[in-house]
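Listed below are the residues making up each chain.
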Amino acid sequence: MYSLARPLARSFARSSAWSKASAVRTLATAKPQSLKDRLTELIPERQAEIKEFRAQYGDAACGTVTVDMIYGGMRGIKGLIWEGSVLDPEEGIRFRGLTIPECQKLLPKAPNGEEPLPEALFYLLLTGEVPTAEQVQAISAEWAARSHLPSYVEDIIDRCPNTLHPMSQFSLAVTALQGESAFAKAYNQGVHKSTYWQYVYEDSMDLIAKLPVVAARIYRNVYKDGKLPAVDPTLDWSANFAHMLGYTDPKFVELMRLYLTIHSDHEGGNVSAHTSHLVGSALSDPYLSFSAALNGLAGPLHGLANQEVLRWILKMKAELGADTSDAAIRNYVWKTLKSGQVVPGYGHAVLRKTDPRYTCQREFAIKHLPQDQMFQLVSQLYNIVPGVLTEHGKTKNPWPNVDAHSGVLLQHYGMVEQDYYTVLFGVSRALGCLSGLIWSRALGLPLERPKSMSTESLKKLVIKK
Ligand code: CMX
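As the structure is a prediction and not an experimental result, all values here were calculated from the model.

This part is about the overall build of the chain. From N to C terminus, the chain includes 22 helices and four strands. The C-alpha radius of gyration computed for the chain amounts to 22 Å, which stays within 12% of the reference 23 Å derived for 465 residues, consistent with globular compactness. The buried share among the 465 residues of the chain stands at 53%. Relative to all contacts within the chain whose residues are 6 or more apart in sequence, the contacts with residues 24 or more apart total 76%.

Next up on the list: the nonpolar core. Counting residues in each nonpolar core, the largest one holds 119 residues, and the members touching the most others are Phe170, Phe241, Phe290, Met415 and Tyr420. For this core, the element with the most residues is helix α11 (residues 196-223), which contributes 16 residues. Excluding residues that lie within four positions of it along the chain, Met415 makes contacts with Tyr219, Leu245, Tyr247, Phe252, Leu410, Tyr420, Tyr421 and Leu424.

As a further point, take the site of the ligand. Lining the immediate surroundings of the ligand are 20 residues, of which His302, Tyr346, Lys394, Lys396 and Asp403 lie closest. At 2.9 Å, a backbone N or O of Leu301 approaches a nitrogen atom of the ligand. Take Val343: an N or O atom from its main chain is 2.9 Å from a nitrogen atom of the ligand. A breakdown of the residues in the shell around the ligand according to their chemical character gives 10 nonpolar, six polar and four charged.

For the pair helix α16 (residues 305-320) and helix α17 (residues 326-338), interaxial distance at closest approach is 11 Å and the crossing angle is 125°. Between α16 and α17, the interaxial angle falls into the category oblique. Crossing angle aside, the handedness with which α16 passes α17 is right-handed. Each of Trp312, Lys315, Met316, Glu319 and Leu320 in α16 lies in contact with α17, whose residues at this interface are Ala328, Ile329, Tyr332, Val333, Lys335 and Thr336. Each residue belonging to the contact of α16 with α17 can be placed in one class, and the counts come to seven nonpolar, one polar and three charged.

Here strand β2 (residues 85-88) shows a clear split, with Ser85 and Leu87 buried on one side and none of Val86 and Asp88 buried on the other. Pairing analysis gives four bridges linking β2 to strand β3 (residues 92-95), with the strands arranged antiparallel. Note on β3: the bridge partner recorded for Asp88 is Gly92. A loop of three residues connects β2 with β3, the two strands running antiparallel in sequence.

Before going further, it helps to examine the confidence of the model for the chain. Averaged over the chain, the pLDDT score is 94; the fraction of residues at 70 or greater is 93%. Across residues 1-30, where pLDDT falls below 50, the model places 59 contacts with residues more than four positions away in sequence or in other chains.

All told, the structure shown has 21 salt bridges when counted by the stated rule. Where Arg146 meets Glu142, a salt bridge forms, and the shortest distance between an N and an O atom there is 2.9 Å. What makes Arg146 buried here is its relative accessible area of 16%. Taking the relative accessible area as the measure of exposure, Glu142 reaches 29% and is therefore partly exposed.

Within the secondary structure, Glu319 sits in helix α16. As for Glu319 and Tyr332, which are separated by 13 residues in sequence, their C-alpha atoms are 8.7 Å apart. If near-sequence neighbours (up to four positions away) are discounted, Glu319 is found in contact with Tyr332 and Lys335. At 2.5 Å, the side chain of Glu319 forms a polar contact with the side chain of Lys335.

As a further point, take helix α14 (residues 271-281). Of all the positions in α14, only Ser272, Ala273, Thr275, Ser276, His277, Gly280 and Ser281 are classed as buried. Elements that come into contact with the buried residues of α14 comprise α15 (286-297) and α21 (421-442). Leu283 sits one or two positions beyond α14 and adopts a positive phi of about 65°.

Cut-off values and rules
- Residues numbered from 1 in each chain as written.
- Predicted model: local features only at pLDDT ≥ 70, side-chain atom pairs only at ≥ 80, totals over all residues.
- Heavy atoms only, no water.
- Helix = DSSP H or I, 4+ residues; strand = E, 2+ residues; numbered from the N terminus.
- Rg over C-alpha atoms; globule rule 2.2 N^0.38 Å.
- Buried < 20%, exposed > 50% of the residue type's maximum accessible area, 1.4 Å probe, protein only.
- Contact = heavy atoms within 4.5 Å.
- Core = buried A, V, L, I, M, F, W, Y, C linked by side-chain atoms within 4.5 Å.
- Near = heavy atom within 4 Å.
- Polar contact = N/O pair within 3.5 Å; in protein donor to acceptor, adjacent residues only side chain to side chain.
- Nonpolar A, V, L, I, M, F, W, Y, C, P; charged D, E, K, R; others polar.
- Axes fitted to C-alpha atoms, helices over the stretch in contact; angles between N-to-C directions.
- Parallel < 35°, antiparallel > 145°, perpendicular 65-115°, else oblique.
- Left-handed = near helix turned anticlockwise from the far one by under 90°.
- Pairing = 2+ DSSP bridges.
- pLDDT = per-residue confidence, 0-100.
- Salt bridge = Lys/Arg side-chain N within 4 Å of Asp/Glu carboxyl O.

Structure representation (C-alpha cells):
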C-alpha cells in the first residue's frame, strides 16, 4: 500500500498526527487489510483528532458572511465538513491531497490499462491512502458479488415509459432500492449511534455495486432491446458497466475508468454532494440520500449540462452547415447569450481556471481520437468561448468545466444518446456522495440546519440605526 507521504498529501500534511500514524501502520502491515478493517482503525483516530482540534479552536472564526453571499447562493461560505476532496479555484480538485494527474499516475490500473480504476479512488476517498492492486481487485470482486437487483426493482425500471428521462428512472430505481437498506433496519432495531457508520458503509457498498446494473438496465430498455448481460465477477466495475451497456471497445472501457474516476467527487458544496449530505444528516439512509443527490444532479446548471453541451454543439453544427469558421462560431455563441441562455459547459461556481477534469478528457481525446470532427469543434470552442464570455462581462469564470468535454468522447465510441449522459455522471458521483456519508456518520455530524432570514429580518440585522 502506498500511503500519502509529503509532498503529495497536502491536505493531511497539516493534520499529520493522523497521516503519520497511518503511514507507519501501512509500512508495518504485511497482509493487505480490507477497506472496512482499515476504516475501523482510522475512524477513532480521526474522531480523536477532531475532538482535540475543536477543544482548542472551537471558537475560531472562519471568515465573514455578507449580505451578497446570503442572496448569492451561499458562495464562499465555509459551512460544512467534507473529508474526501477540496476544490481550489485556481488549481482544481484534489482528492485527499492528490490532483487528477497524480491520481492517474499513482492509482492502480487494470492489467494493460492506463487510466486509474474508480475502485482505487473510492479507497483513496475513504482512507486517504493509495491502495495496492490487490486491495483494488478485492473491491472489484466485492462489488460484483453485491450487484444483484431485487426483482421488484427490475420491475419498476422495466415499467418506466421510454419517454421518462433516464435520470428520473435512475432516481426512482435508487429510491426503490431503499427497501434493501441495512441502515434503516438497524435504526429501527435501535442500534447505538456509534455503529451507524458501519450500516451506512454496508448500504454504500451495496448501492455502488448495484448502480451500474440499474443504469445499464435503463440504457438497454430505453435505447436497445432491453436484454442485459449478467455481471462478470472477473471484470472491474467500469469494465462490467461498459459490458452491460453493450460496449466492447477496450478504449471505451478505458474511457469509462477515467470518466467514473474524475466525476466522483468535487468537494461537498456542489448541489449533488451537498444534497446527499443534507438529506443524510436527517439520518435518511444512503439510498434516500443518494436519490435526492441524483435529483439535484439532473439540473441543467449541474450534471445535466453534459447532455446540454452535446445538444448545443449539434444544434450549432446544423445551424452553421459547412461554415464552421471562428467568426461563425463566435456569432453562434453570442446568439446564445443574447437569447438569455447560458453557454453549457462553461463557467463554474468555484473554479476560476480551466477545469482539470476538462483537461484530462482533452488529453484522452488528443491521444485516442485526434481526428474526430466533433472533438475538433470542441477544441475550436475552447479557443473562442472564453473570449466571448469575457467580453460579455458577466461570467466570473469564462473557462470550460467537466461537462464541456465528456459528451464528445462518448459519441465517438457510439454512445450518442445525450439524454443518458447524466446517468453516467450519477454512477460516478455515488463514490463521492457515499464516501462522504460514511464519514459524516463516523464523525457523528448533526442534523444540518443553517439559519435563514427574511429580507426584513436581514435588514433589521445589518442596517445601522
Ligand atoms: N453562459 C452564460 N452566462 C453565464 C455562464 C455561461 N456559461 N456562466 C455564468 N453565467 C452568468 C450567470 O448566469 C450569472 O448571470 P446573472 O447575473 O444574470 O444571474 C453571471 O454570469 C454570474 O455567474 P457566475 O457567478 O459566474 O456563476 P455562478 O456561480 O452563478 O454559476 C454555473 C455557475 C456553473 C451555474 C454557471 O457558470 C453556468 O450556468 N454554466 C453553464 C452550465 C454548466 O456548464 N453547468 C455545469 C457546471 C459543472 C457541473 O456542476 O457539472
